[in-house]
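Fold and contact review
Read off the chains here:
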Amino acid sequence: MNKDNKYSAGWEFESLSKVHNYYEWILSKLLQYKPFCGWRSSLDYGAGAGNFYKHIKLYCIYPYAYEPDPQFSSKLLDVVPDVVPKGHFVYSNMEAVRSTAPYNLITAINVLEHIEDDKAELLIMNSLLEYNGHLFLFVPAHPFLYGTLDAEFGHERRYEKKMLRKLVSSCGFRVLKCDYLNPVGAVIWLIMGRILYRTRWNSSLVSFYDKLVIPVARFFDRLPKFFGQSIFLVAVKNTGPTK
């Protein structure tokens, strides 16, 4: 992951640590592909402080998390299952991650946009996943929405569906679903980052967004979407990378 950007990663994770509806909405897109008995072993790749991990762990027998930044991987211990030793499920280096591979689910929530070479990272994920295992990505949508918030959060880019689908397919995955999410959030992001030039969300605004805006946005989720704040993608590993 890109360690050179100067954004406050701690603030970004902290601002999302109290939200619930946001992550439940994301999770609902993945659960449509859940095996009958859940996933055997999962890896939350770039888990940060565990904001999504604490939701997905409920659907996996062995839920692992990978976070190379020690200031966040230590916080993950607060949300891992009550097992002994807890640290068995939290990894901060790739050697440890590979020791329990292959996984049959890898999730990467708001991770790829922080990485300079996103294809190289996807190839690593491919090598960690079992054949026909699920990959679930969640990334920011539309380059034209890139603004002050993206710069502050250390985003290298925002994605379009076509470019993300092509990228993932070239790394040995078969895409099952790729779609926009949250058009309402896209409008708010445009106003905040491209018109008002904001660089932070305050905690009260984040709480308001999660409790009131997300339920409204989710109500309109059944309608066709031509844009959104984010893109979610579900894929399965079918081969190695395309040469």
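Our structure's up above, just so we're on the same page.
Residues numbered from 1 in each chain as written. Predicted model: local features only at pLDDT ≥ 70, side-chain atom pairs only at ≥ 80, totals over all residues. Heavy atoms only, no water.

Aromatic rings considered in pairs are described by the distance between their centres and by the relative angle of their planes. The full count for this structure, using the stated rule, is nine aromatic pairs. Ring centres 5.0 Å apart and planes at 75° place the aromatic pair Tyr22 and Tyr23 in the edge-to-face group. Of the two residues examined, Tyr22 and Tyr23, each falls in the buried class. An angle of 85° between the planes, with centres 5.3 Å apart, marks the rings of Phe219 and Phe220 as edge-to-face. Assessed through its relative accessible area of 49%, Phe219 is described here as partly exposed. Judged by relative accessible area, which is 43%, Phe220 ranks as partly exposed. (Phe/Tyr/Trp six-rings, centres within 6.5 Å; stacked < 30°, edge-to-face > 60°. Buried < 20%, exposed > 50% of the residue type's maximum accessible area, 1.4 Å probe, protein only.)

Between helix α9 (residues 183-195) and helix α10 (residues 203-219), the shortest axis-to-axis distance is 10 Å and the interhelical angle comes to 145°. Touching Val184, Gly185, Ile188 and Met192 of α9 are Leu205, Tyr209, Val213 and Ala217, all from α10. In terms of residue class, the contact of α9 with α10 is built from seven nonpolar, one polar and no charged. (Axes fitted to C-alpha atoms, helices over the stretch in contact; angles between N-to-C directions. Helix = DSSP H or I, 4+ residues; strand = E, 2+ residues; numbered from the N terminus. Contact = heavy atoms within 4.5 Å. Nonpolar A, V, L, I, M, F, W, Y, C, P; charged D, E, K, R; others polar.)

With eight of eight residues buried, strand β7 (residues 230-237) lies mostly within the body of the structure. Burial along β7 is two-sided: the residues Ser230, Phe232, Val234 and Val236 and Ile231, Leu233, Ala235 and Lys237 are all buried. Where strand β5 (residues 129-140) meets β7, seven bridges bridge the pair, whose relative direction is antiparallel. Across the sheet, residue Phe136 finds its bridge partner in β7, namely Val234. Both strand β6 (residues 173-181) and β7 contribute to a ladder of eight bridges, which runs antiparallel. By the bridge assignment, Cys178 is partnered in β7 with Leu233. (Pairing = 2+ DSSP bridges.)

Moving on, we come to the sheet that holds strand β2 (residues 60-66). Here seven strands make up an open sheet; going across it, the order is β3-β2-β1-β4-β5-β7-β6 and the pairing mixed. Among the strands making up the open sheet, the edge pair consists of β3 (90-91) and β6. Here strand β1 (residues 39-45) runs beside strand β4 (residues 103-109); their pairing, made up of three bridges, is parallel. Bridged to Leu43 within β4 is Ile106. Relative to the sheet, helix α8 (residues 161-169) contacts β5, β6 and β7, its axis offset from that of β6 by approximately 160°.

Further remarks concern the nonpolar core. As a rule of thumb, nonpolar side chains are buried together in soluble globular proteins. Counting residues in hydrophobic clusters, the biggest one holds 42 residues, and the most contacted among them are Leu135, Leu137 and Val168. Ranked by size, the runner-up nonpolar core spans 30 residues in total, among them Tyr23, Trp25, Cys60 and Ile214. (Core = buried A, V, L, I, M, F, W, Y, C linked by side-chain atoms within 4.5 Å.)

The final tally for this structure, using the stated rule, is seven salt bridges. The partner of Arg200 in a salt bridge is Glu152, and the shortest N-O contact between them spans 3.5 Å. Taken together, the positions of Arg200 in the loop between α9 and α10 and Glu152 in helix α7 (residues 148-153) put the pair 48 residues apart, joining distant regions of the chain. A salt bridge links Lys225 to Asp221; the shortest N-O distance between them is 3.4 Å. (Salt bridge = Lys/Arg side-chain N within 4 Å of Asp/Glu carboxyl O.)

So, on to the packing of helix α2 (residues 21-31) against α10. Interhelical geometry of α2 versus α10 gives an angle of 25° and a closest axis separation of 9 Å. By the angle between their axes, α2 is roughly parallel relative to α10. Here Asn21, Tyr22, Glu24, Trp25 and Ser28 of α2 lie close against α10, whose contacting residues are Asp210, Lys211, Ile214, Pro215, Ala217 and Arg218. The residue makeup of the contact of α2 with α10, split by class, is five nonpolar, two polar and four charged. (Parallel < 35°, antiparallel > 145°, perpendicular 65-115°, else oblique.)

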